[in-house]
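What follows is each chain in one-letter form.
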Amino acid sequence: MNTHIDIVQSAQERKEIGMKRYGILNYPDSLHREFILLRGLGCGWERCTFCDYCADKDTDAQKNYQLNKSVLANVTGQFRCLQIVSSGSFSELDFQTITAIQSTVIEKNINYLILETHTMYERQLPNIRALFPTANVEFIVGAETFDIELRYKLNKGQGNRTVEDYTKHYEWTNLLFGFEEENGLSRLEHDVTLAMKHFKRFTICMFCDNDTPIKRDPKLVDEFYKSELFSFLTTDPTARFKCEILDDCDIRAPHSTDGVGGVLMDI
Ligand code: SF4
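Below you will find a few notes about this structure. (Residues numbered from 1 in each chain as written. Predicted model: local features only at pLDDT ≥ 70, side-chain atom pairs only at ≥ 80, totals over all residues.)

Some words on the sheet that holds strand β4 (residues 112-116)
Strand order in this open sheet of eight strands is β1-β2-β3-β4-β5-β6-β7-β8, and the pairing throughout is mixed. The open sheet terminates on both sides in strands that have one partner only, identified here as β1 (22-25) and β8 (243-246). Averaged over all adjacent pairs, the angle separating strand axes in this sheet is 20 degrees, with direction ignored. Across four bridges, the pairing between β1 and strand β2 (residues 33-38) is antiparallel. Within β2, the position partnered with I24 by the bridge is E34. (Pairing = 2+ DSSP bridges. Helix = DSSP H or I, 4+ residues; strand = E, 2+ residues; numbered from the N terminus. Axes fitted to C-alpha atoms, helices over the stretch in contact; angles between N-to-C directions.)

Below you can see the structure in the form of structure tokens.
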């Protein structure tokens with residue numbers, strides 16, 4: 001298990017040294033699963049103000065396939081559940097990689113597959129599900145917040161979608177917190193209330209400084225870790241199963257992606 005604090009690097013450093021791309025998530029009360037980070041052709045949106053991980057891309061589909069094939073070779077099927085992320089959307093993976101994922105799902109007996117896309121691909125989701133007829137396929141959307149004004153500031157490119165709009169297509173969502181913003185903890189409390197009610201599962205990603213101008217707000221982050229909200233999320237049985245809290249900059253975060261996304265030398 002990595003120490004979270006050690007795995008924060010710039011996108012350039014991660015690219016130069018090489019990222020860890022396979023991990024296992026098996027916290028108590030969590031959904032036990034294998035977790036892989038594949039490389040795509042590039043995020044089709046690439047304009048979110050806080051994001052630098054979209055730099056993990058290559059326009060050479062063959063190179064991506066070779067890398068992704070080696071990552072997929074790690075999958076054992078031990079939990080029959082696999083989560084696949086890429087620095088972008090599932091739809092931006094090359095054709096050969098998608099075929100290799102189909103083979104892995106069959107060969108390793110995966111019956112629960114978790115994928116991620118931007119809303120610009122939401123109409124494709126039934127077709128993606130159809131690629132994996134033997135698995136229950138669920139999708140994550142990076143809504144980040146249900147505060148529409150803040151989401152525009154983050155330039156998510158998801159328009160005026162409400163929580164109900166998201167849940168027509170997606171079962172899981174990611175929320176982003178811990179950066180300098182006006183409404184702080186009350187905004188997150190509202191987002192969590194909605195996520196608890198409407199989504200099967202959700203992740204709170206605590207923002208860590210990166211190559212973008214967005215800044216972490218250490219006071220606000222500290223307020224969160226000392227809050228009743230954090231206590232609720234980490235002790236209430238329903239919340240514990242539904243919510244994972246990720247923070248590469250603070251060991252108080254109860255979950256991690258097993259170092260996936262960090263450079264190999266830190267693992
Ligand atoms: S859609 Fe995702 S990968 Fe693309 S810029 Fe936004 S946060 Fe980054």
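From this point, the narrative continues.
Description of the packing of helix α2 (residues 61-72) against helix α3 (residues 95-107)
Look at α2 against α3: their axes get within 9 Å of each other, and the N-to-C directions meet at 15 degrees. Of the possible angle classes, the one that applies to α2 and α3 is roughly parallel. Crossing of α2 against α3: the hand is right-handed. Contact residues: N64, Y65, N68, K69 and L72 in α2; Q96, T97, A100, I101 and T104 in α3. Each residue belonging to the contact of α2 with α3 can be placed in one class, and the counts come to four nonpolar, five polar and one charged. (Parallel < 35°, antiparallel > 145°, perpendicular 65-115°, else oblique. Left-handed = near helix turned anticlockwise from the far one by under 90°. Contact = placed C-beta atoms within 7 Å. Nonpolar A, V, L, I, M, F, W, Y, C, P; charged D, E, K, R; others polar.)

Thoughts on the site of the ligand
Around the ligand, the structure places C43, W45, E46, R47, C48, C51, C54, S87, G88, H118 and G142. Tallied by class, residues from the shell around the ligand come to five nonpolar, four polar and two charged. (Near = placed C-beta within 6 Å.)

Regarding the packing of helix α7 (residues 184-198) against helix α8 (residues 218-225)
Packed helices, taken two at a time, are described by the angle their axes make and the gap between the axes. Two numbers describe how α7 lies on α8: the axes approach to 10 Å, and their chain directions differ by 50 degrees. One finds that α7 runs oblique with respect to α8. The two elements α7 and α8 meet at a crossing, and its hand is right-handed. Touching G184, L185 and L188 of α7 are L220, E223 and F224, all from α8. For the contact of α7 with α8, the per-class residue count stands at four nonpolar, one polar and one charged.

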